There are 2 protein chains.
Amino acid sequence: MKFRSFVCIIALGTTIALPTFAQDNPAIGQRQGQFKLFVHNFGLLGGMAQGRIDYDADMAQLAADNLFYLTRHDQSRLWPEGTDSASVSGTRANPAIWENLDDFVAKFGALQTAAEGLQQVAGGGLDAMRAGFGPVGQSCQACHEAYRDEAS
Amino acid sequence: MKFRSFVCIIALGTTIALPTFAQDNPAIGQRQGQFKLFVHNFGLLGGMAQGRIDYDADMAQLAADNLFYLTRHDQSRLWPEGTDSASVSGTRANPAIWENLDDFVAKFGALQTAAEGLQQVAGGGLDAMRAGFGPVGQSCQACHEAYRDEAS
């Protein structure tokens with residue numbers, strides 16, 4: 001009986017104390033992978049928009065095409081229940097996402113629309129690219145402000 | 001003089017001994033992000049092809065569309081020189097990639113073609129999806145055998 005109690009206590013303790021890590025759910029690394037690719041392209045375009053990188057029409061168009069394709073990747077299997085920052089370490093996905101899924105999806109839709117707009121103009125000169133880049137940045141920011149935790 | 005020599009030795013030692021990690025070059029995490037998204041979709045389709053997951057025409061089409069879009073993401077800025085597994089820890093990208101860039105690009109082109117073929121048939125029944133899935137798997141494998149290190 002003593003051994004059984006000990007095992008039960010250990011088991012209970014394990015259940016309560018065991019932290020859940022992001023790597024336990026591949027969807028977290030997968031969606032973070034998508035954001036890394038956003039950064040890959042957004043960073044180049046942002047650098048050109050801000051004058052830190054010389055504007056290059058071909059490179060700008062390539063990065064805008066990339067953003068367009070990336071935003072076509074469906075999100076439905078990347079945000080499973082239980083992968084919020086209150087449940088799992090290693091993610092900045094605020095639980096508010098799952099309380100406001102319609103709004104979250106709408107905000108991603110705004111990014112899709114903005115990326116499509118940017119794709120139309122990115123190779124047409126710095127001013128045109130800047131005008132198309134603005135709404136992309138705004139749609140990123142709107143979603144981050146609502147649903148991304150502060151960096152720890 | 002003694003202090004200067006000491007500083008020089010420390011500086012030299014630091015240069016030689018400091019390991020280079022994958023996180024020092026964002027392109028590595030970014031391209032790994034793309035592979036994670038490949039797995040996200042390839043895993044579902046492979047599960048259906050092998051009968052481990054029930055075939056669902058809508059889900060299969062969604063995953064195939066995702067693979068199509070992902071394979072349109074340009075690779076030119078994701079494989080900078082010096083990000084091979086002999087130079088950097090945390091990557092399985094064999095140095096042979098950079099010695100055979102034309103072949104590496106051609107192998108990615110084969111994946112693009114196969115993904116386009118899969119997209120045409122993925123929602124058209126299990127047999128059609130399987131037929132389209134085969135060439136995708138083969139193109140992945142051909143590149144991995146040539147250019148990906150064994151898992152450590």
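Each value, and the rule that gives it
- Residues numbered from 1 in each chain as written.
- Chains lettered and ligands numbered in written order.
- Predicted model: local features only at pLDDT ≥ 70, side-chain atom pairs only at ≥ 80, totals over all residues.
- Heavy atoms only, no water.
- Contact = heavy atoms within 4.5 Å.
- Buried area = accessible area lost by both parts, 1.4 Å probe.
- Salt bridge = Lys/Arg side-chain N within 4 Å of Asp/Glu carboxyl O.
- Polar contact = N/O pair within 3.5 Å; in protein donor to acceptor, adjacent residues only side chain to side chain.
- Helix = DSSP H or I, 4+ residues; strand = E, 2+ residues; numbered from the N terminus.
- Phe/Tyr/Trp six-rings, centres within 6.5 Å; stacked < 30°, edge-to-face > 60°.
- Buried < 20%, exposed > 50% of the residue type's maximum accessible area, 1.4 Å probe, protein only.

Asks: Could you clarify how one ought to interpret the interface of chain A and chain B in this entry?
Replies: How large an interface is tends to be reported as the accessible area lost when its parts come together. Each partner contributes to the interface: chain A provides 21 residues, whereas chain B provides 21 residues. The largest contributions to the chain A side of the interface with chain B come from H40(A), H73(A) and R77(A), which together make up 33% of the buried area. For the interface between chain A and chain B, the tally reads 0 salt bridges. Summed over the shared surface of chain A and chain B, the number is 8 residue pairs in polar contact (both at pLDDT 80 or more). Counting residues per element, the ones that place at least two in the side of chain A that touches chain B are α2 (26–49) and α3 (57–72) of chain A. Looking at which element gives the most residues to the side of chain A that touches chain B, the answer is α2(A), with 10 residues.

Asks: Would you mind going over the packing of aromatic side chains with me for this structure?
Replies: Any aromatic ring pair is given by two values, namely how distant the centres are and how the planes are angled relative to each other. As enumerated under the stated definition, the model contains 15 aromatic pairs over all chains in all. With centroids separated by 4.7 Å and ring planes inclined at 35°, the aromatic side chains of F42(A) and F133(A) adopt a geometry described as tilted. Residue F42(A) is found in helix α2, and its partner F133(A) is found in helix α6 (residues 126–147); the two are separated by 91 residues along the sequence. Residue classification places F133(A) among the buried residues on the basis of a relative accessible area of 10%. Measuring from centroid to centroid gives 4.9 Å for W79(B) and F104(B), while their planes differ by 80°, and the two rings are edge-to-face. Taken as a pair, W79(B) in the loop between α3 (57–72) and α4 (96–99) and F104(B) in helix α5 (residues 101–121) lie far apart in primary sequence, 25 residues in all. Overall, the relative accessible area of 12% leaves W79(B) in the buried class. A relative accessible area of 10% means that F104(B) is categorised as buried. Connected via pairs of aromatic rings, a cluster forms that spans F35(A), F38(A), W79(A), W98(A), F104(A) and Y147(A).

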